[in-house]
Amino acid sequence: MVLKSKFFIGSKGQAALIDSIFFLTIVSIICTTLFFFAINYGVKTESQINSFYSRDFSSDLLKVISYVNVPRDGVLISESDATGIFQSDYLLALIKEDYSDKRKISLSTRNAIVNTLDSVVKPFDASIDYAFFMTSESENQYLFLLLATHECDDWEIDESDRNVCKNVSRKYFYCEPSDNKVLENHIFPKTFKVDSSFGKITLSDSDKSDAMGKPFIMGFSGWVVVDIAELRTDYLTALGNEFNCILVEKT
């Protein structure tokens, strides 16, 4: 009888130990699941907040382009006539005026766009590249495409025989591609993430009697700086390529 009692006592102890192990296993699985869920939720929430912020920034930038006042000669206000007297107008009005007269963006307006974008993007200048563009809804072609990139100007070889960039500068390119999908086909797939905003504007052609004008899409797309072969000067300015760009000398 004594042996049987010890046997039953040992069996109960084993059962309690096994139950405890199962309980701890279940609790561990639940805690691990909750931990990974919390991490993923935090990462997704942060990503959504950053995305909303980036889209808001892009959208606000288009509003600046639409309503900002700029000198009509396209130079910076600080570099205008020493008397401080200069003619100014809405940047969007200059764009509409150029299209009505020539159906293309003039050099002075192009410079005004570059200077405006450079000022607005200044807080993020070291971290993003971007494209500002206007495309026709009906003809599927660019009226205007400006690319702002970063490029190394000075390379040197370090002690490990590796090429190291000593100086990176911002460069602007005015492009007239025949294909309105060059960004989607050649640039966007090679970036980590692209944040874009779009707006609709109407431009009138003085040679046509259509009072409603022609609809255009104005857009801004920005991405974290990344070295892409198609965004280098020697590629963008090469004759016969799909971008058909010239380097813009910022004034």
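Look up: the structure comes first, before these words.
All figures in this text were calculated on a predicted structure; none of them were measured in a lab.

Caption draft 1: The arrangement of the overall build of the chain in detail. Along the chain, the regular secondary structure elements total five helices and eight strands. Each helix and strand of the chain, ordered N terminal to C terminal, gives the series α-β-β-α-α-β-β-β-α-β-β-α-β. The buried share of the chain, reckoned over its 251 residues, is 35%. Long-range pairs, those at least 24 residues apart, make up 64% of the contacts in the chain with a sequence separation of at least 6. Only carbon and sulfur atoms are counted for the fraction: they give 59% of the accessible area of the chain, which is about 15700 Å².

Caption draft 2: Looking closely at the pattern of salt bridges. Enumeration according to the criterion identifies nine salt bridges in this entry. Note that Asp118 and Lys122 form a salt bridge whose closest N and O atoms lie 3.4 Å from each other. Ionic pairing is found between Asp129 and Arg170, a salt bridge with its closest N-O pair at 3.1 Å. A residue pair is termed long-range when its members are at least 10 positions apart, and Asp129 in strand β3 (residues 128-136) and Arg170 in strand β5 (residues 163-175) qualify at 41 residues. Accessibility classification places Asp129 together with Arg170 in one group, the buried group. The network of salt bridges with shared partners includes Asp125, Asp129 and Arg170.

Caption draft 3: Expanded view of the nonpolar core. Grouped together as the largest cluster of nonpolar side chains are 31 residues, with contacts concentrated most on Ile113, Leu117, Tyr130, Phe132, Met134, Phe144 and Leu146. Every element with two or more residues in this core is listed here: α1 (2-67), α2 (91-102), α3 (107-120), β3, β4 (142-157), β5, β6 (194-203) and β7 (214-224). Setting aside chain neighbours within four positions, we find Phe132 in contact with Leu62, Ile65, Ile113, Leu117, Phe144, Leu145, Leu146, Met218 and Gly219. Grouped together as the second largest cluster of nonpolar side chains are 17 residues, Phe133, Leu147, Trp223 and Leu231 included.

Caption draft 4: Main features of the sheet that holds β4. Pairing is antiparallel in the open sheet, where six strands are placed in the order β6-β7-β3-β4-β5-β8. Pairing within the sheet leaves two strands with one partner each, and these edge strands are β6 and β8 (245-248). Ignoring which end each strand starts from, the neighbouring axes of this sheet average 25 degrees apart. By the bridge criterion, ten bridges tie β6 to β7 in an arrangement that is antiparallel. From the neighbouring strand, Ile201 faces β7, where its bridge partner is Phe216. Across the sheet, α2 lies against β3, β4, β6 and β7, angled at about 60 degrees from β6, the strand it touches most. Each of β3, β4, β5 and β8 is contacted by α3, which is oriented at about 60 degrees to β4, the strand it contacts most.

Caption draft 5: Representation of the packing of aromatic side chains in the model. Counted by the stated rule, this structure contains eight aromatic pairs. For the pair Tyr130 and Phe220, a centre-to-centre distance of 5.2 Å together with 35 degrees between the ring planes defines the contact as tilted. Residue Tyr130 is located in strand β3, and its partner Phe220 is located in strand β7; the two are separated by 90 residues in the primary sequence. Under the relative-accessibility criterion, Tyr130 is labelled buried at 1%. Accessibility expressed as a relative area gives 1% for Phe220, which makes it buried. Aromatic side chains Phe188 and Trp223 sit 6.0 Å apart centroid to centroid with 65 degrees between the ring planes, which places their arrangement in the edge-to-face category. Residue Phe188 is found in the loop between α4 (182-187) and β6, and its partner Trp223 is found in strand β7; the two are separated by 35 residues along the sequence. Per residue, the accessibility class of Phe188 equals that of Trp223, and both read buried. Clustering of aromatic rings is evident, with ring pairs tying together Phe132, Phe144 and Tyr174.

So, how was this worked out
- Residues numbered from 1 in each chain as written.
- Predicted model: local features only at pLDDT ≥ 70, side-chain atom pairs only at ≥ 80, totals over all residues.
- Heavy atoms only, no water.
- Helix = DSSP H or I, 4+ residues; strand = E, 2+ residues; numbered from the N terminus.
- Buried < 20%, exposed > 50% of the residue type's maximum accessible area, 1.4 Å probe, protein only.
- Contact = heavy atoms within 4.5 Å.
- Areas by Shrake-Rupley, 256 points an atom, 1.4 Å probe, with all protein chains shown as cover.
- Salt bridge = Lys/Arg side-chain N within 4 Å of Asp/Glu carboxyl O.
- Core = buried A, V, L, I, M, F, W, Y, C linked by side-chain atoms within 4.5 Å.
- Pairing = 2+ DSSP bridges.
- Axes fitted to C-alpha atoms, helices over the stretch in contact; angles between N-to-C directions.
- Phe/Tyr/Trp six-rings, centres within 6.5 Å; stacked < 30°, edge-to-face > 60°.

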